[in-house]
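# Fold and geometry: a report
As a plain string of letters, each chain reads:
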Amino acid sequence: MALERLDAVVIGASIEGLVAAALLAKAGRTVTVVERESASVPLGAGRDGIISVATARALDLTEFGLRFVAPPPVAGISGGRALVLWPDAHATRASIAAFSPRDAEATDAFQARIARAAVRNDGPSALAWLTSGAGEPYDRMSFRLSSIARILDEAFDNDLLKGVWAQGAVAGTGASPAATGSGVLLARSWMLAGVTPDSGYRFVAGGQTRLRQALLDQLKHYNNADVRFATEASEIVAERDVIQGVTLADGGTMRAPIVISSLAPGRNREMLTGFRRPPPTDGTTRINVSPALIKLTLGTLPDFPGLDAATLTSGAIVRLDPSIARLTRAHGAFSERALAPEPCIDMRLSPRAGTENKQRWDMFVAMTYLPLMTNEGPWAGNRRDRLRTLCVRAINAMAPSFGATIEAAEILHPGESETVMDPKGVTALNAMAALDLTGVPEYRAASADQLVKGLTVLDPSIYASEGDAGILAAHAILGGRAKAGADA
Amino acid sequence: MRSSPANSDVDVVVIGGGVNGLICAAYLAQSKRRVVVVEALDRLGGACATAELVAGHRVSAITHLLGPLDASVVKTLRLQRFGLQLTAKQMATVALSPDGRHIVLDGDLRHTAQSLTPHSPLDAKAWAPFDARYRKAVGPLERWVQSPPGGPLEHAARSSLFPTRSAARPGAVLDAELADFLGGSIADFLDAEFETPLLKGVMAFDAVLGSALGPRSQGTAFLGALRSALDGEASEGLVHPQGGAGAFVTALAKSADAAGVRTRLKSRVARLLFDGDRVAGVELANGEAIHAPVVVSSLDPKSTLLTLGAGRHLPFGLKRTLASWRTDGCISKVNLALSGIPTFKGLDRRSMRERLVICPSIEYLDRAFAAYEQGKFSPDPALEITIPSTHDASLAAANHHVLSAYVLYTPYTLASGGWDKAKTDLIARVGATLRQYAPDLPDLILAADVFTPPDIERLAGGKGGHWHGGDLTLDQLGPLRPASGLSRHETPVAGLFLCGAGTHPCGGVTGINGRNAAEAVLAGAVAQGAP
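So, here's what we can say about the structure.

The rules behind each value
Residues numbered from 1 in each chain as written. Chains lettered and ligands numbered in written order. Predicted model: local features only at pLDDT ≥ 70, side-chain atom pairs only at ≥ 80, totals over all residues. Heavy atoms only, no water. Helix = DSSP H or I, 4+ residues; strand = E, 2+ residues; numbered from the N terminus. Rg over C-alpha atoms; globule rule 2.2 N^0.38 Å. Buried < 20%, exposed > 50% of the residue type's maximum accessible area, 1.4 Å probe, protein only. Contact = heavy atoms within 4.5 Å. Lys, Arg positive; Asp, Glu negative; His and termini not counted. Charge placed at Lys NZ, Arg CZ, Asp CG, Glu CD. Core = buried A, V, L, I, M, F, W, Y, C linked by side-chain atoms within 4.5 Å. Phe/Tyr/Trp six-rings, centres within 6.5 Å; stacked < 30°, edge-to-face > 60°. Lys NZ or Arg CZ within 6 Å of the ring centre and 35° of its normal. Axes fitted to C-alpha atoms, helices over the stretch in contact; angles between N-to-C directions. Parallel < 35°, antiparallel > 145°, perpendicular 65-115°, else oblique. Nonpolar A, V, L, I, M, F, W, Y, C, P; charged D, E, K, R; others polar. Pairing = 2+ DSSP bridges. Salt bridge = Lys/Arg side-chain N within 4 Å of Asp/Glu carboxyl O. Disulfide = S-S within 2.5 Å.

### Let's talk about the overall build of chain B
In terms of helices and strands, chain B carries 17 helices and 19 strands. For a compact globule of 531 residues, the expected C-alpha radius of gyration is about 24 Å, and chain B comes in at 23 Å, within 12% of that figure. Projecting the C-alpha coordinates of chain B onto the three principal axes gives extents of approximately 65 × 60 × 50 Å. The proportion of buried residues among the 531 residues of chain B is 63%. Within chain B, counting contacts between residues at least 6 apart in sequence, those at least 24 apart form 75% of the total. Separation between the mean location of the 52 positive side-chain charges and that of the 50 negative ones in chain B comes to 4 Å.

Below, the structure is given as structure tokens:
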């Protein structure tokens, strides 16, 4: 039985986990990342790579081949027409104007309002908000506590435009656009979209796969860091509430005074042994969101009425007939842990690299409000087939020739819980936004909760994968300032 | 345009003869204002009405429990002198359990703990400390519900409202608790406190009652706190007037009449009249004009400001905010006439007088909400039930009874089919649900009636059939009810005020809205030196 002494063990090669590991390694600590999956499993395949500027700077990621790119255009298609939000504001206004000149006019004011809501600030206290509610800082808080639906209804007339925004805000979460408190997600999605240079986040070329590779390359660069794939941690070992290390599924042990975990909070508690009092449970029943993606191989370029081929092949995110009403109905089905008959779908096309003669395309299809566990059990067998059929049928309803272009299909990431934000996470995000002790990103400092001394949880039900949680955890451990922007 | 002969002597026109309109009118008349109430329907009271379901069985048609009713309103308007007799007040809530292990929430810590013991000794023990902590946290809100927040940043006014902390120092302990309420869901809040599903079910029920939010929606913890605050010391609690909700209106109308209020029925307001940027009265649908320097509307804020011609006096942003104001009702009312007293398992005769709730767990409520989100109603509806004939003999003949039930999460618009076809089904689902608690009940049913949100809209005149005049959600509460800057009953139109359920704090026959609106009118008059 191998016995190793390290400064820190990181459970899970998530983006946040790798960021924390790299920062600790950079500071001279010996650190090992253990990842259950093998190196060949394409973690994060098909997903956007978004990194906070602070993280990218702290790790010199551009030295390791990371390139920033413009955010992808986002299109909504409905009734044979497409509305596209481009990275370029003029192009966006022109596209919206074709649907509603008034909404095109209102776009700048709306963006400005979101920008104010997303800003990091010391706002009013809850009590001050309740008793006043008027004026700039109060509006910021009102925005976060309001619902996505109400904010969009206030700003715009066109349902397709509202649907495009709303679906982006709730994607990957379990929150309904009609629920109060979901406004914070609109601010969050706007911030992460990196539309303006000062939002603090950037898209990276090659998506999450490339971002992960850059982080792995950086870790390789340090002699004191190691990443072990196909290595599953089975126990988090504490003695008298102090972390001692982890036990591996193969029987090995890694001793370390610090364990950083990006597993779900409930899973950490199950794995934790040797504490005197049971750590507090939140006791809630969570309906987690599945991050599943359906990857379709297309033999020919599909034709979406109203959307030109250039936009489709530019890497645009294409939303299928998005609307707040459709999202609300789908959320109802999600609450029943069922598949919505009209799924809310994001599609993304990318050319498949290869030496074949025939050009093929990968189409990544993501469904919003996919329950991690269905009411009939976990994702397996014919439930997976049904999911694929449902998606293809929904796309066919918009683009009748679509089904004929499919050569192969596979489902990625079903049953993972590592990269989702669930309703409880949204609630937590809101509680902090309401408190306004911090702005949206800094919230994460407070939630990197320590169940026992030496354990840091990068709660995947709250964090996205843009490096903030990792940087905060590392700074807390190294005694630095627990602020995302501290290094910026 | 014809001129009304009564024109020259009117100080205030109140639009809408619902409870808040009448209360506002009566308060103003007591302060020597000459007030005319114009009501579109042929009766006063709005959602407060008593109707005959079938010969010899009378029941509060829509609103069945009044309140939490503010005690000062009853006293100032001398409603008891004008015939108001409460056959029940400070009504307890009984959370029904199919096996008879009901949980009693009546403000008596010992009772509640006793009823909790068979479910969970742990929760029984936790109840009293929880109650103390919760009351302390909600305490500041008891004063908050009493007077409208917002307007210009009046630090002095604010710190006198909350003397426990200065407005300039954020992040006090009290704030942290309130912030938790603001951001959190009632489900998360209760899951952290208790383990008994029935207890959590009934408490979550009370939090979401009257809002189109689920128990896991953010902000519902605050709605629970709001309800507790309304039920505070200044309140008579939930009450039942002898003769039903209509009897309350009768007493109120007499009080208003005695104070000099004139009421005009079948007088729908077509539009507001203006003198420059000031309101100058109303024009009725028949063309008659009633001139007055002050108009107070008890209609919902959206209808008042967007449909009566005030639009051109409003800033554009405000118009957008009001246009997106949510008014779709989500509660239906089922009334049953019974040929005898039903037997609820384990429920004594005394407890049948209380407010009975069927909501066995948060999950039950969540399923009903999931159906609502999909434009359906749940086959297992969550219910608030009263059997008023157990304490009010005027409603039904001897040994006969009437049962009244709110059904939560019934959409204004059904996703498929319409309400006409679905009503029978809804009554059947309510009957089947009641059968699980009172097996003999379905056999006693003589007649049944249902009021869906569209029915309530038609009968009570409130847009969307929402008896709060606008959904109870964080973005439509407190400083944002009905919009930032409009929360103190005033509007951007000089002389035009709001007094309906869509103002602070909410609907539900508390009396607070009408009273506060009258105070705002009088304060405005003092400020301007008129009338």
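Alright, that's what it looks like, and here's the rest.
### Notes on the nonpolar core
Across soluble globular proteins, you tend to see nonpolar side chains buried next to one another. F181 and F344 of chain B are the most contacted members of the largest nonpolar core, which has 104 residues in total. Per element, the largest residue contribution to this core is nine residues, and it comes from helix α4 (residues 121–146) of chain B. Non-local contacts of F344 of chain B, meaning those with residues more than four positions away in its chain, are made with L96, M352, L356, I387, Y437, A438 and L441 of chain B. Counting 45 residues, the second-largest nonpolar core is a separate cluster that includes L152, L160, V170 and L327 of chain A.

### Examining the packing of aromatic side chains
The relation between two aromatic rings is expressed through the spacing of the ring centres and the mutual angle of the planes. Summed over all chains, the structure comprises 16 aromatic pairs over all chains. Where F304 of chain A meets F402 of chain A, the ring centres are 5.9 Å apart and the plane angle is 35°; that geometry is what we call tilted. Residue F304 of chain A is located in the loop between β15 (293–298) and α12 (309–312), and its partner F402 of chain A is located in the loop between α14 (381–398) and β19 (406–412); the two are separated by 98 residues in the primary sequence. Taking 5.7 Å as the distance between ring centres and 40° as the angle between the ring planes, the aromatic pair formed by W127 of chain B and F130 of chain B counts as tilted. Of this pair, W127 of chain B and F130 of chain B both sit in helix α4, three residues apart, roughly one helical turn. Here W127 of chain B falls in the buried class, since its relative accessible area comes to 8%. What links up through ring pairs into an aromatic cluster is the set W127, F130, Y134, F189 and F194 of chain B. Between the NZ or CZ atom of R81 of chain A and the centre of the ring of F99 of chain A, over which it lies, the distance is 4.1 Å.

### A closer look at the packing of α4 of chain B against helix α9 (residues 220–230) of chain B
Residues and elements named next belong to chain B. Where α4 contacts α9, the two axes come as close as 8 Å, and the packing angle between them is 70°. Between α4 and α9, the angle is such that the two are roughly perpendicular. Counting all contacts with α4, which are made through Y134, V138, L141, E142, W144 and V145, the residues of α9 involved are F222, G224, A225, L226, S228, A229 and L230. The residue makeup of the contact of α4 with α9, split by class, is 10 nonpolar, two polar and one charged.

### Considering the sheet that holds strand β17 (residues 344–351) of chain A
Residues and elements named next belong to chain A. Ordered by their spatial adjacency, seven strands build an open sheet running β7-β6-β16-β17-β18-β15-β19, and the pairing between neighbours is mixed. Sheet topology places β7 (81–85) and β19 at the edges, where each strand pairs with a single neighbour. Neighbour-to-neighbour, the strand axes of the sheet open up by a mean angle of 25°, direction not taken into account. Pairing of strand β16 (residues 317–320) with β17 involves three bridges; the strand directions are antiparallel. Paired with I317 across the two strands is R348, which belongs to β17. Contacting β6 (74–78), β15, β16, β17, β18 (361–368) and β19, α14 runs over the sheet at an angle of about 105° to β18.

### Things to note about the pattern of salt bridges
Applying the stated criterion across every chain, the model contains 42 salt bridges over all chains. The shortest N-O distance in the salt bridge between R102 of chain A and D103 of chain A comes to 3.4 Å. Among the ionic pairs, D455 of chain B bridges to R458 of chain B, the shortest N-O distance being 2.8 Å. Here the residue D455 of chain B and the residue R458 of chain B both occupy positions in helix α16 (residues 453–460), the gap between them amounting to three residues, near one helical turn. Given the relative accessible area of 7%, D455 of chain B is considered buried. Through salt bridges with shared partners, a single network forms among D191, K200, R216, E363 and D366 of chain B.

### What to know about the pairing of β15 of chain A
Residue and element names in this part refer to chain A. Burial analysis of β15 places six of its six residues in the buried class, the great majority of the element. Inspection of the sheet shows β15 paired to β18 by six bridges, in the antiparallel sense. Bridging from a neighbouring strand, L298 pairs with W361 of β18.

### Some details on the sheet that holds strand β8 (residues 201–204) of chain A
Residue and element names in this part refer to chain A. One open sheet holds the three strands; their spatial order is β4-β8-β5, and the pairing between them is antiparallel. The sheet is open, and its two edges are formed by β4 (50–52) and β5 (68–69), each paired on a single side. Pairing of β4 with β8 involves three bridges; the strand directions are antiparallel. Looking across to β8, one finds that S52 is bridged to Y201.

### Quick notes on the state of the cysteines
Overall, the coordinates contain zero disulfides over all chains when judged by the stated rule. Here C344 of chain A stays free of any disulfide, with the sulfur of C391 of chain A as its closest cysteine sulfur at 11 Å. Left without a disulfide partner, C506 of chain B is nearest to the cysteine sulfur of C330 of chain B, which lies 13 Å away. Residue class for C506 of chain B comes out buried when judged on its relative accessible area of 2%.

Just geometry here; none of it tells us what the structure is for.
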